[in-house]
Amino acid sequence: MKRVSIVKGGVLLFAVSLSGVSQAAIMSAEARAESLEGIRAVLANEVRPLGDELIAEAPAPFVPDRGETVVVEEEVEVVLTEEELLAKLSKYVNPTGIFMFGGEFYLIFKEKKLKVGSELGITFNGAEYSVTITEITGSTYKIRRGDSELQLKLK
């Protein structure tokens, strides 16, 4: 590529010769025509004014809710049987171990040690429930609520 500088009337002009530029850097006539056709298609998009009904439904752009609508859901009370409730509550009974002291087995919770007959309080869905530990063996334990009893393994 040759670069020629010409000073004419106090203004510096540059002329560039493309004789050294490879043919790959210059677009073919077909590629230029295709590119220009794409540009024309974009520019040909018709801008239509919005109707009053669309403007009335559109959210205001400067309102904090950003057009999000809050859907109020109806709360449906689900009544669980004693067995179903005990199964749900059992997920919140998480002893960290079992040990034997003085001939009795104990379940170890973070800072508590509970033996057979102890009650454990559990908060589930905003309500307080109580389950009773009815049996502890070397690797399993049973909990009871009402007439329902469930045997669980130490995790």
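Here, every reference points to the structure presented above.
Residues numbered from 1 in each chain as written. Predicted model: local features only at pLDDT ≥ 70, side-chain atom pairs only at ≥ 80, totals over all residues. Heavy atoms only, no water.

(A) Quick peek at helix α3 (residues 82–90). Within α3 the residues assigned to the buried category are Leu85, Leu86, Leu89 and Ser90. One face of α3 carries all of its buried residues, which in axial projection span an arc of 135°. On its buried face, α3 sits against β6 (119–124), β7 (127–136), β8 (140–145) and β9 (148–153). (Buried < 20%, exposed > 50% of the residue type's maximum accessible area, 1.4 Å probe, protein only. Helix = DSSP H or I, 4+ residues; strand = E, 2+ residues; numbered from the N terminus. Arc of directions from axis to C-beta. Contact = heavy atoms within 4.5 Å.)

(B) A look at the pattern of salt bridges. Per the stated rule, a full pass over the model turns up four salt bridges. The partner of Glu37 in a salt bridge is Arg40, with the nearest N and O atoms 3.8 Å apart. Here Glu37 and its partner Arg40 are both found in helix α1 (residues 29–43), three residues apart, which amounts to about one turn of the helix. The exposure class assigned to Glu37 is partly exposed, which follows from its relative accessible area of 48%. Judged by its relative accessible area of 49%, Arg40 is partly exposed. (Salt bridge = Lys/Arg side-chain N within 4 Å of Asp/Glu carboxyl O.)

(C) Quick peek at the sheet that holds β6. Pairing in this open sheet of four strands is antiparallel, and the strands run β6-β7-β8-β9 from one edge to the other. Each edge of the sheet is formed by a strand with only one pairing partner; in this case those strands are β6 and β9. Mean inter-strand twist for the sheet, computed between neighbouring axes without regard to direction, equals 35°. α3 rests against β6, β7, β8 and β9 of the sheet, and its axis sits at about 30° to β9. (Pairing = 2+ DSSP bridges. Axes fitted to C-alpha atoms, helices over the stretch in contact; angles between N-to-C directions.)

(D) Highlighting the pairing of β8. As paired elements, β7 and β8 share four bridges and run antiparallel to each other. For Ile136, the partnering residue across the bridge sits in β8 and is Tyr141. The pairing of β8 with β9 spans six bridges and is antiparallel. Paired with Lys142 across the bridge in β9 is Gln151.

(E) Broad picture of the side chain of Ser148. Looking at the element boundaries, Ser148 is found in strand β9. Among the polar contacts listed, one links the side chain of Ser148 to the side chain of Glu83, at a separation of 3.3 Å. Excluding residues within four positions of it along the chain, Ser148 makes contact with Glu82, Glu83, Leu86 and Ile143. (Polar contact = N/O pair within 3.5 Å; in protein donor to acceptor, adjacent residues only side chain to side chain.)

(F) Structural view of unusual backbone geometry. The backbone phi angle of Asn125 is positive, close to 50°, even though this residue is not glycine. Turning to its location among the elements, Asn125 is positioned in the loop between β6 and β7.

(G) A look at the sheet that holds strand β5 (residues 113–115). The strand order across the open sheet formed by three strands is β3-β4-β5, and the pairing between neighbours is antiparallel. The open sheet has two edge strands with one neighbour each: β3 (97–101) and β5. This sheet shows a mean twist of 35° between the axes of neighbouring strands, independent of strand direction. As paired elements, β3 and strand β4 (residues 104–108) share five bridges and run antiparallel to each other. Residue pairing for β4: Met100 is matched across the bridge by Phe105.

(H) Structural detail: the nonpolar core. Grouped together as the largest cluster of nonpolar side chains are 17 residues, with contacts concentrated most on Val93, Leu107, Val131 and Tyr141. Elements with a contribution of two residues or more to this core: α3, β6, β7 and β8. Dropping the residues within four chain positions of it, Tyr141 is found in contact with Val93, Pro95, Leu107, Glu135, Ile136, Leu150, Gln151, Leu152, Lys153 and Leu154. (Core = buried A, V, L, I, M, F, W, Y, C linked by side-chain atoms within 4.5 Å.)

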